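Listed here are the chains, written in short residue letters.
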Amino acid sequence: MSIQSPGLFIAFEGGDGAGKSTQASRLFDALESRGIQVLRTREPGGTPIGEKLRSLVLDHGHGTIDARTEALMFAAARAAHASQVIRPALAAGTIVITDRYIDSSVAYQGAGRGLGTGDVRSLNEWATEGLLPDLTVLLDVEPSDGRQRRTAGEATEDRLESEPDDFHSAIRRAFLDLAEASPSSYLVLPAALEIEELAARILERVEALLGGRVRR
Ligand code: TYD
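First things first, this report covers the structure right here in the doc.

Criteria and cut-off values
- Residues numbered from 1 in each chain as written.
- Predicted model: local features only at pLDDT ≥ 70, side-chain atom pairs only at ≥ 80, totals over all residues.
- Heavy atoms only, no water.
- 1 Å grid on protein atoms, 1.4 Å probe; cavity = no way out; pocket = protein on both sides within 12 Å on 5 of 7 lines; lining within 4 Å.
- Points joined across faces, edges and corners; volume = space filled by probe spheres on them.
- Helix = DSSP H or I, 4+ residues; strand = E, 2+ residues; numbered from the N terminus.
- Nonpolar A, V, L, I, M, F, W, Y, C, P; charged D, E, K, R; others polar.
- Salt bridge = Lys/Arg side-chain N within 4 Å of Asp/Glu carboxyl O.
- Buried < 20%, exposed > 50% of the residue type's maximum accessible area, 1.4 Å probe, protein only.
- Axes fitted to C-alpha atoms, helices over the stretch in contact; angles between N-to-C directions.
- Parallel < 35°, antiparallel > 145°, perpendicular 65-115°, else oblique.
- Left-handed = near helix turned anticlockwise from the far one by under 90°.
- Contact = heavy atoms within 4.5 Å.

Some words on the layout of surface pockets
Move 1: Counted as a void, the largest pocket has a volume near 620 Å³.
Move 2: What lines the largest pocket is a set of 25 residues, and nearest its centre among them are Asp16, Lys20, Arg54, Arg100 and Glu161.
Move 3: For the lining of the largest pocket, the secondary-structure elements that each account for two or more residues are α1 (20–33), α2 (48–58), α3 (67–91), α4 (102–112) and α6 (143–153).
Move 4: A total of 4 residues in the lining of the largest pocket trace back to one element, the largest contributor, which is α4.
Move 5: Of the residues belonging to the lining of the largest pocket, the class tally is 6 nonpolar, 6 polar and 13 charged.
Move 6: In this structure, the second largest pocket occupies an estimated 200 Å³ of space.
Move 7: Forming the walls of the second largest pocket are 13 residues, and the residues nearest its centre are Asp103, Arg121, Leu132, Pro133 and Tyr186.
Move 8: Secondary-structure elements contributing two or more residues to the lining of the second largest pocket are α4 and α7 (165–181).
Move 9: For the lining of the second largest pocket, the residue count by class is 7 nonpolar, 3 polar and 3 charged.

Have a look at this one:
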């Protein structure tokens, strides 16, 4: 009996206000309580340089950031994250759960900002040396629901969140297109489902993946 490859890489994706952080943390807790080695991380961020880039690119007050600069900042943060955090953890056999990854750039910068999904994907595959998730959980949220959910508890929205609903509709479509293009690597769930039901369905899929990795 041998393990096909060490670690398992899971990304949570979706529009703002989809509830990714809640579900990433539920999955982390469920796996950890089973004694599985698991790491939870997020983008932009995950490394000291990534956290600095996060505040530069998300906070208001740094003047105009043009679309290409924005795409390169997310890609730079991701390059550091992939090489310094995700790859070493996977090599050590850890399950890595990230809140956002390449699909966020393809959707927000490629579709939302109009840079083109193909170019943004190529840039990010170069930045990460082709490191792709084993599973992407896409929480599909209606832009108006997302806005309502994210502003319910917080007074302010970041630079990207405060874009209008049609920007968020383009992003939603781009995420769904990515999932439709590779259905076996995606689990797409409506973000409006109950938290408990979402958590159960995500865990079921991850357990199936973990089971399937052990080969005779
Ligand atoms: P996120 O951390 O999910 O927001 P929060 O923690 O405030 O809920 O993401 C921050 C914002 O950055 C979000 O609007 C999506 C955007 N983003 C991109 O535009 N491109 C990217 O590659 C990533 C990772 C995020």
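Quick look at the pattern of salt bridges
Move 1: For the structure shown, the criterion picks out 19 salt bridges.
Move 2: Here Glu70 ties to Arg159 by a salt bridge, and the two come within 2.9 Å at their closest N and O atoms. With Glu70 in helix α3 and Arg159 in the loop between α6 and α7, this pair connects stretches of sequence that are 89 residues apart. In this pair, the class of Glu70 matches that of Arg159, namely buried.
Move 3: A salt bridge links Glu163 to Arg113, with the nearest nitrogen and oxygen atoms 2.9 Å apart.

Some thoughts on unusual backbone geometry
Peptide bonds are mostly trans, and most non-glycine residues show a negative phi.
Move 1: Pro44 follows Glu43 through a cis peptide bond whose omega is -15°.
Move 2: The topology assignment puts Pro44 in the loop between β3 (38–42) and α2.
Move 3: Of note, Arg100 is a non-glycine position whose phi angle comes to about 80°, a positive value.
Move 4: Relative to the helices and strands, Arg100 resides in the loop between β4 (95–99) and α4.
Move 5: For Glu129, which is not glycine, the phi dihedral falls at a positive 50°.
Move 6: Mapped onto the elements of the fold, Glu129 is located in the loop between α5 (117–127) and β5 (135–140).
Move 7: Classification of Glu129 by relative accessible area gives exposed; the value is 66%.

Here we look at the packing of α4 against α7
Move 1: At their nearest, the axes of α4 and α7 sit 8 Å apart, and the two run at 130° to each other. Classified by the angle between their axes, α4 and α7 sit oblique to one another. With respect to the hand of their crossing, α4 and α7 are arranged in right-handed fashion. Contact with α4, carried on its side by Asp103, Ser104, Val106, Ala107, Tyr108, Ala111 and Gly112, involves Phe167, His168, Ala170, Ile171, Ala174, Phe175 and Leu178 of α7 and no other residues of that element.
Move 2: A breakdown of the residues in the contact of α4 with α7 according to their chemical character gives 10 nonpolar, 3 polar and 1 charged.

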